[in-house]
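Here's the letter readout for the chains.
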Amino acid sequence: MVQYHRLIVHHGRKEERFRVSVEEVGSLKKAKQKFLSYLFLSILSCCFIMSPYLFGFSTLSLLGMIIISRFHTTLSFVSLIRHSSLCFFPSSSSADSFIREDEALRSYEPVLAPLCSEVSNGTICCDRTGLRSDICIMKGDIRTDSASSSLFLFTSTSNTTNPQKIKPYTRKWETSVMDTVQELNLIPKHSNKSSDRVCDVYHDVPAVFFSTGGYTGNVYHEFNDGIIPLFITSQHYNKKVVFVIVEYHDWWEMKYGDIVTQLSDYPLVDFSGDSRTHCFKEATVGLRIHDELTVNSTLMSHGNNKTIVDFRNVLDRAYTHRIQSLVQEETETTTTTTTHDLKKNPKLVILSRNGSRAILNEDLLVKLAEETGFSVEVLRPDKRTEMAKIYRSMNTSDVMIGVHGAAMTHFLFLKPKTVFIQIVPLGTDWAAETYYGEPAKKLGLKYIGYKIMPQESSLYGEYGKDDPVIRDPDSLNDKGWEYTKKIYLQGQNVKLDLRRFRETLARSYDFSIRRRVREEVPDLFVS
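Scoring rules and cut-offs
Residues numbered from 1 in each chain as written. Predicted model: local features only at pLDDT ≥ 70, side-chain atom pairs only at ≥ 80, totals over all residues. Heavy atoms only, no water. Helix = DSSP H or I, 4+ residues; strand = E, 2+ residues; numbered from the N terminus. Buried < 20%, exposed > 50% of the residue type's maximum accessible area, 1.4 Å probe, protein only. Contact = heavy atoms within 4.5 Å. Areas by Shrake-Rupley, 256 points an atom, 1.4 Å probe, with all protein chains shown as cover. Axes fitted to C-alpha atoms, helices over the stretch in contact; angles between N-to-C directions. Parallel < 35°, antiparallel > 145°, perpendicular 65-115°, else oblique. Left-handed = near helix turned anticlockwise from the far one by under 90°. Nonpolar A, V, L, I, M, F, W, Y, C, P; charged D, E, K, R; others polar. Pairing = 2+ DSSP bridges. Right-handed = clockwise from strand over helix to strand, strands pointing away. Salt bridge = Lys/Arg side-chain N within 4 Å of Asp/Glu carboxyl O. pLDDT = per-residue confidence, 0-100.

## So, the overall build of the protein
- Looking only at helices and strands, the protein has 18 helices and 15 strands in total.
- Within the protein, buried positions represent 50% of all 527 residues.
- Of the contacts formed within the protein by residues at least 6 apart in sequence, a portion of 76% connects residues at least 24 apart.
- On the protein, roughly 25,600 Å² of surface is accessible, and the fraction owed to carbon and sulfur atoms is 54%.

Shown next, in the form of structure tokens:
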């Protein structure tokens, strides 16, 4: 949880503002940003005016496509950088970290055919253009050596391919966590039959190597940094692929095994724990990632146009069998009346929090929701809660309510066209929208961001209405991660103004009823 919220504060800005810590990287004025934008647009205009005379019209078209592609990419990633309070990094290296991220930003450029989409046999190709992750492709006689954290590529002829190093985790830009991730050595080697490593296990399908280190242990990072990128990277293999996990954890396989079996027909391989030499003809090292908790169909390779809805369909298939078992177990204790009520009334699930960012008047919220017409379930998941049980609750609900935090990742379990209400505490506006609001819309949910008033925060009584903590949360976020963590994340609870929140509940109820009617009315025009 803590690691995830470090990221939230790292980006904890309003969308329209660009401010970074003065003591860490100097003052970046808005005026300068606007001037550079105007300068860029002026140069762009001149290019289009003069290009027909200098290059011809065909060249102009190509130039325009390139410029627009790069400009669009920069805009989409600048929101990631520009909202960064550099306090996330150790103070001694904050400026350097910002410069490295900025350089990575400028070098990032998505193309229709990703680098390394075509790799010759006996070679290693690495795509390091991505801001979020590196990815390497190996083809040929590939053999593992876990003792040296190496993958050897044996060739029968002299090979000019250079050795590579890669950390197969999708937070490349975040040096503090990448420093903790195990690095793999990709080494081309001339084959000498007498001294080559003997294959203990032959695989006739490709491999995907990835790490479950880093921030694994936090549900947001487990999906955003691991499960969804694994879906993106492995889709074109159609389950004919072996997943090799660096920094393997038993609990991770137990927690996500149902999903993994929908992506691969083969058992997982623990890279460090399995000392045998595994041999492959092809290997992908690292995962591709698109954005926060989403799948961008335009970036999918091999003609694959999958979206985040397809990922959710994978979840559906993963948990169907277990949910059927749970229903079977409960059949004897479920009364006819209860079943009828659940079908009649829209269901609302409240994801409850303990400790910080809790809803202090949650019992009154439940009562109000029931008076509005909802059947209410209060869900209190923890790290030991079975994922299938959480999925079942979310998948059968019409509305989900929760306070901003990693548990909001469970919006992925909601059916499209249902309602997701995220309660947004003070100081978390930008992060709430970026990490959960926008991805929820892409999934097809009816998203409502309920931004609390200062009086609904426990900080209001502690600091008073005139304190910068209340008036200007950005100014506190700019002071550093420790301020944000202590004040807005660990030190804040919510007491909802139920008269104000009643309208949100009523709108959600009406929306759910209308949706049910549309879905239940038979199509009279079907012949």
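Moving on from the model shown.
## Describing the packing of helix H11 (residues 362-372) against helix H18 (residues 498-520)
- For the pair H11 and H18, the least separation of the axes is 10 Å and the interaxial angle reads 40 degrees. The orientation of H11 relative to H18 falls into the category oblique. Regarding H11 and H18, the two cross each other, and that crossing is right-handed. Counting all contacts with H11, which are made through Leu 364, Leu 365, Leu 368, Ala 369 and Thr 372, the residues of H18 involved are Leu 498, Phe 501, Arg 502, Leu 505, Ala 506 and Tyr 509.
- Grouping the amino acids of the contact of H11 with H18 by side-chain chemistry returns nine nonpolar, one polar and one charged.

## Concerning the pairing of strand E7 (residues 207-211)
- Of all the five residues making up E7, five are buried; the element is thus mostly covered by neighbouring parts of the structure.
- By the alternation rule, side chains of E7 split into Ala 207, Phe 209 and Ser 211 and Val 208 and Phe 210, which are all buried.
- Sheet analysis places E7 next to strand E10 (residues 278-285), joined by three bridges and oriented parallel. Each residue of the ladder has a partner; that of Ala 207, found in E10, is Ala 283.
- The pairing of E7 with strand E8 (residues 242-246) spans five bridges and is classified as parallel. Following the sheet pairing, Phe 209 is matched in E8 by Val 244.
- Taken together, E7, helix H7 (residues 219-234) and E8 constitute a β-α-β crossover, and its handedness is right-handed.

## Points about the pattern of salt bridges
- Inspection of the entire model under this criterion finds 28 salt bridges.
- Of the charged contacts, one joins Asp 127 and Arg 288 as a salt bridge, the two residues approaching to 3.7 Å between their closest N and O atoms. On the criterion of sequence distance, the pair formed by Asp 127 in strand E1 (residues 123-127) and Arg 288 in the loop between E10 and helix H9 (308-330) is long-range, its members being 161 residues apart.
- Asp 127 sits in the buried class, given a relative accessible area of 7%.
- Judged by relative accessible area, Arg 288 falls into the partly exposed class, the value being 21%.
- Between Glu 433 and Lys 441 there is a salt bridge whose closest N-O contact spans 2.9 Å.
- For Glu 433, a relative accessible area of 26% corresponds to the partly exposed category.
- Overall, the relative accessible area of 40% leaves Lys 441 in the partly exposed class.

## Comments concerning the pairing of strand E3 (residues 150-155)
- Among the six residues in E3, six count as buried, and that is most of the element.
- Neither face of E3 is left uncovered, since the one carrying Ser 150, Phe 152 and Phe 154 and the one carrying Leu 151, Leu 153 and Thr 155 both have all their residues buried.
- With five bridges connecting them, strand E2 (residues 135-145) and E3 associate as antiparallel partners. Its bridge partner lying in E3, Thr 144 is registered against Leu 151.
- Connecting E2 to the antiparallel partner E3 that follows it, the hairpin turn spans four residues, and Ser 149 within it adopts a positive phi of roughly 50 degrees.

## Some remarks on unusual backbone geometry
- The residue Leu 293 is not glycine, and still its phi comes out positive at about 45 degrees.
- Relative to the helices and strands, Leu 293 is located in the loop between E10 and H9.

## Examining the confidence of the model for the protein
- Considering every residue of the protein, the mean pLDDT works out to 81; 74% of them sit at 70 or more.
- Segment residues 1-32: pLDDT under 50, and 101 contacts once partners within four positions in sequence are set aside and those in other chains are kept.
- Low pLDDT, under 50, characterises residues 51-112; the predicted model gives this stretch 96 contacts beyond four residues in sequence or across chains.

## A few points about the sheet that holds strand E13 (residues 399-403)
- Strand order in the open sheet formed by five strands is E12-E11-E13-E14-E15, with parallel pairing between adjacent strands. Two strands in the sheet have a free side with no partner beyond their single neighbour: strand E12 (375-379) and strand E15 (446-451). Shown here is a sheet whose adjacent strand axes are inclined to one another by a mean of 20 degrees, direction ignored.
- With five bridges connecting them, E13 and strand E14 (residues 419-424) associate as parallel partners. By the bridge assignment for E14, Ile 401 is matched with Ile 421.
- Sheet strands in contact with helix H13 (residues 429-442) are E14 and E15, and its direction is about 175 degrees off that of E14.

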